[in-house]
Structure formats: C-alpha cells, structure tokens
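Understanding the architecture of this molecule
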Amino acid sequence: MKQFISVKDVMDVNALVKKALDYKASPFIDKALGANKRIGLLFLNPSLRTRLSTQVASQNLGMEPIVFNVDKEGWALEFTEGAIMNGTTVEHVKDAAPILGNYFDILCIRTFPSLQNREDDYSENIINSFIKFAGIPVVSLESATLHPLQSLTDIITISESIAQHNNLKNKKPKVVLTWAPHIKPIPQCVANSFSQWMNAWGEADFVITHPEGYELSAEYTNGAKITHNQEEALKDADFVYVKNWSSFSEYGKVLNTDANWMLTNSKLETSNNAKVMHCLPVRRNVELSDEILDGENSLVTKEASNRVWAAQAVLSEILGSINK
Ligand code: CP
C-alpha cells in the first residue's frame, strides 16, 4: 500500500480486516517492522481517538510517532497555487511538505472541510497537496470528504460482532446508516466514507436513511438503498450506524434539527436486536439517546477501541511497501 486516502487504496477489504483482528490478538507481533522509522502526525483540526489510536498503533509497530498540532503550533499554511501571500498565511505547503518528507518516513494528516465552498472541499486540495509535495506515503486521519480509518474500523467492528454473536442465520447483515440531529454543521466525511466502504465491501444489505435535503454525494452512495423513512429503514436492521452530516446540496447548511430523528430504544423494536454504532464524539440526547449509548447493544466503545487495530493494519501495509 503506497498511501491510505480512501477504500480505493485497499486491494482486499476482508484481508485488511483480518490483519487488524490478528493485531488485536497479538499487538506486538510486528514490533520490529517499524524499527528506525519515523511517522509524523499533523493535525490541522482537533482529535481524540484518531490521534491517540494512531500513536498507539505506531508504537506497537516499533515506530516513533511525532505529533504536530499545525492549527495551534505551526505557521498558517497556504494551499493555493500562485497565491500572493500578503494575508494571514505564512508558509506555502509546497515549501513545508518536502521538509516533512525529509523528516519522516510516513506522513499522516487530519484536515476538515471548510463547509463554505463545496468545490474546494471536494477537490481535497489540502491532503492532495501534501501527497504531491511530501514525496512519502500519506495516510488520511480524516480529510475534507472522507474518514477511511474510521470506516475500516467500522467494518472491523461489524465483522467482529458477527463472528461473536452469529445471529444472522447465514444472511447478509442489514446495516443502516441513519442521519441524526445536531446543533451545528458537521462534515459529510464519516457518512461519505462509511457509504463508500460498505459499497466496496459488498457483504451487507446497506440502507441509508435521512431527511429530505441530506442526500450525500452519489459518488459514495451509489449501490446503497436510500429512503427518507427511518422507521422502514430500521425494520430488521442488524447494525445501525448513527451520524449527523450537513447538507451536500445546500452545501454545509443545517436544514433540519427534528429531534424525532434521534435514535431511541423504542425505534429499535422492529430491528433484529440491532447493535448501534457511532464514530464519536457524540452529543448525548441530541444525536443519540443516553439509553442507547449506555445500553447493552451499544458498540461505540468497542468501535473506538478498534481504531488502534485499523491504524496498525494500515501502517503495517505501508511499512511493508517502504521496506521492500
Ligand atoms: N472518530 C474520530 O475521528 O474521533 P476523533 O475526532 O476524536 O479523532
């Protein structure tokens, strides 16, 4: 694997899931793989899980992770080609990224969308600039449109749960991505990415439900069943993935805050005793009720814990290509 930006960088999703679960069983088995390798983790936006799980995964592989909070500690970066830099930006990515490429063997980047300009955000100019100018493998820690480490984790968590509970009677699991209310505009990244990975994985009956106006980019959802009827979507569901996102068509806008879209236990009565997932952080009793988050069908803590094994599997694949 030369980079990890989306599911398109993965040859075989199930093989990567197996690798992650093997690391979960034996975390230090490849401690020598990353010896004398440095990994840089650049954060242009906040993070708890992604930051810490990637550091743990790097150390499990024997690498030395160095974290840099660009948003708080770095020079303000410019990403526009040909910019006349007489404003607030201090350093162009084409000057900064090659230096990072010399300091590190792998570069990981977290950057959010502006949610102001859809064309800019969906061009993925920030992460693509690092790929272009750093000259080393780049791993997305969430970009303007996608969150691939989260989505890999989600498939690991679903696969693990199926193996442990096996209550599906040899049918494909029904996995439902349901929109949830939120008080402010949230990126589409997690929902886009989950849709892209579910469609590429192909081992689930995948349904997306959201209010009108919250259609995601067809680039990621093509292949999924999409309905505005949440009740219909939840019927017979085995896994329910809860996530808010802002509008793609009326870009970055909050069109609906209808609290009736928040998942509760009574809504799950027609499901197949569905397990509930969320990538976290979550606004309790806005996006998702306490009774679900604190209930026995919640997978959220397990899901967040599995972030380590997803990151470790991906970094291991990248180290494998560097060490060749
Ligand atoms: N799910 C997730 O990406 O969490 P953080 O924002 O805390 O990294």
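Residues numbered from 1 in each chain as written. Predicted model: local features only at pLDDT ≥ 70, side-chain atom pairs only at ≥ 80, totals over all residues. Heavy atoms only, no water.

Observations concerning the side chain of Gln230
Selection criterion: Helix and strand definitions here come from DSSP, where helices need a minimum of 4 consecutive H or I residues and strands a minimum of 2 consecutive E residues; each element is numbered from the N-terminal end. Partly exposed residues are those whose accessible area sits between 20% and 50% of the maximum for their type, while under 20% is buried and over 50% is exposed, using a 1.4 Å probe and protein chains only. We call two N or O atoms a polar contact when they sit within 3.5 Å, provided that within protein one can donate a hydrogen and the other can accept it, with sequence-adjacent residues counted only if both atoms are side-chain atoms. Any two residues having at least one pair of non-hydrogen atoms within 4.5 Å are treated as being in contact.
With respect to the helices, strands and loops of the structure, Gln230 is situated in helix H10 (residues 230–234). Of the residues examined, Gln230 reaches a relative accessible area of 8% and is grouped as buried. Looking at Gln230, its side chain comes within polar contact range of the main-chain oxygen of Trp261, at 3.1 Å. At 2.5 Å, the side chain of Gln230 and the side chain of Lys267 are in polar contact. Dropping the residues within four chain positions of it, Gln230 is found in contact with Thr178, Trp179, Thr209, Asn260, Trp261 and Lys267.

A few points about the sheet that holds strand E5 (residues 106–110)
What counts is decided by this rule: Any two strands are treated as partners once DSSP identifies two or more bridges connecting them. Comment: axis = line fitted to C-alpha atoms, over the contacting stretch for helices; angle = value between 0 and 180 degrees taken between N-to-C directions.
The strand order across the open sheet formed by 4 strands is E2-E1-E5-E6, and the pairing between neighbours is parallel. Two strands bound the open sheet, and with one partner strand each, they are strand E2 (64–68) and strand E6 (138–140). Each adjacent strand pair in this sheet contributes to an overall mean axis angle of 20°, direction not counted. Where strand E1 (residues 38–43) and E2 come together, 5 bridges link them in parallel fashion. Paired with Ile39 across the two strands is Pro65, which belongs to E2.

A closer look at the site of the ligand
Applicable threshold: Nearness is defined per residue: one heavy atom within 4 Å of the molecule or strand is enough. For cavity detection a 1 Å grid was placed over the protein atoms alone, and a set of points counts as a cavity when a 1.4 Å probe fits there but cannot get out; an open set counts as a pocket when protein lies on both sides within 12 Å along at least five of seven lines, with lining residues being those that have an atom within 4 Å of a point. The way we define it, a molecule is inside a pocket or cavity when more than half of its atoms are within 2 Å of that pocket's grid points. Domain segmentation is taken from an automatic or database assignment of domains.
Within the structure, the ligand sits among Ser47, Leu48, Arg49, Thr50, Arg110, His147, Gln150, Cys279, Leu280 and Arg307. In this structure, an oxygen atom belonging to the ligand sits 2.8 Å away from a side-chain N or O atom of His147. Between an oxygen atom of the ligand and a side-chain N or O atom of Arg307, the distance comes to 3.3 Å. Judged by the proximity of its atoms to the pocket grid, the ligand belongs to the largest pocket. Mapping the shell around the ligand onto the domain boundaries places at least three of its residues in each of domain 1 (7–146 + 307–322) and domain 2 (150–304).

Let's talk about the pattern of salt bridges
Pairs may arise between side chains of opposite charge once their charged atoms sit close together. Note the threshold: Throughout this description, the term salt bridge denotes a Lys or Arg side-chain nitrogen within 4 Å of a carboxyl oxygen of Asp or Glu.
Throughout the structure, instances matching the rule amount to 12 salt bridges. One salt bridge connects Lys24 with Glu160, and the closest N-O pair in it is separated by 2.6 Å. Here Lys24, found in helix H1 (residues 13–25), pairs with Glu160, found in helix H7 (residues 148–165); they are 136 residues apart in sequence, far enough to count as distant. Its salt-bridge partner being Glu142, residue Arg110 comes within 3.0 Å of it at the nearest N-O pair. Highlighted residues: Arg110 in strand E5 and Glu142 in the loop between E6 and H7, separated in sequence by 32 residues.

Focus on the pairing of strand E8 (residues 205–209)
The buried fraction of E8 amounts to 4 of the 5 residues, a majority that puts the element mostly inside the structure. Bridge count between strand E7 (residues 174–179) and E8: 5 bridges; the pairing is parallel. Looking at the pairing, Thr178 lines up with Thr209 of E8. As judged from the 3 bridges shared by E8 and strand E9 (residues 225–227), these two strands associate in the parallel manner. Across the sheet, the residue bridging to Thr209 is Thr227, located in E9.

Considerations on the domain arrangement of the chain
By a widespread convention, an interface's size corresponds to the accessible area lost as its parts come together. Rules: Here the buried area means the combined drop in accessible surface, using a 1.4 Å probe, for two parts upon being joined, counting both sides.
Considered domain by domain, the chain is made up of domain 1 (7–146 + 307–322) and domain 2 (150–304). The straight-line distance from the C-alpha centre of domain 1 to that of domain 2 is 26 Å. For the pairing of domain 1 and domain 2, the buried interface totals around 2,500 Å² over both sides, and the portion due to carbon and sulfur atoms is 64%. On the domain 1 side of the contact with domain 2, Leu115, Tyr122 and Arg307 bury the most area, a combined 26% of that side's loss. Where domain 1 meets domain 2, there are 1 salt bridge. Across the contact surface, domain 1 and domain 2 share 11 residue pairs in polar contact (both at pLDDT 80 or more).

Some details on H7
Convention followed: By definition here, a helix of n residues has an expected span of 1.5 Å times n minus one.
Spanning 18 residues, H7 covers 26 Å between terminal C-alpha atoms, matching the ideal 26 Å at 1.5 Å per step. Of all 18 residues that make up H7, 14 are buried, and the element is covered over most of its length. One or two steps after H7, the chain reaches Asn166, where phi turns positive at roughly 40°.

Some remarks on the sheet that holds E8
Spatial ordering of the open sheet is given by E9-E8-E7-E10-E11, a layout of 5 strands whose pairing is parallel. Across the chains shown, the open sheet's two edge strands, defined by having one partner strand only, are E9 and strand E11 (275–277). Adjacent strand axes in the sheet meet at a mean angle of 20° when their direction is disregarded. In the sheet, strand E10 (residues 239–243) pairs with E11 via 3 bridges, with the strands oriented parallel. Of the residues in E11, the one forming a bridge with Val240 is Val276.

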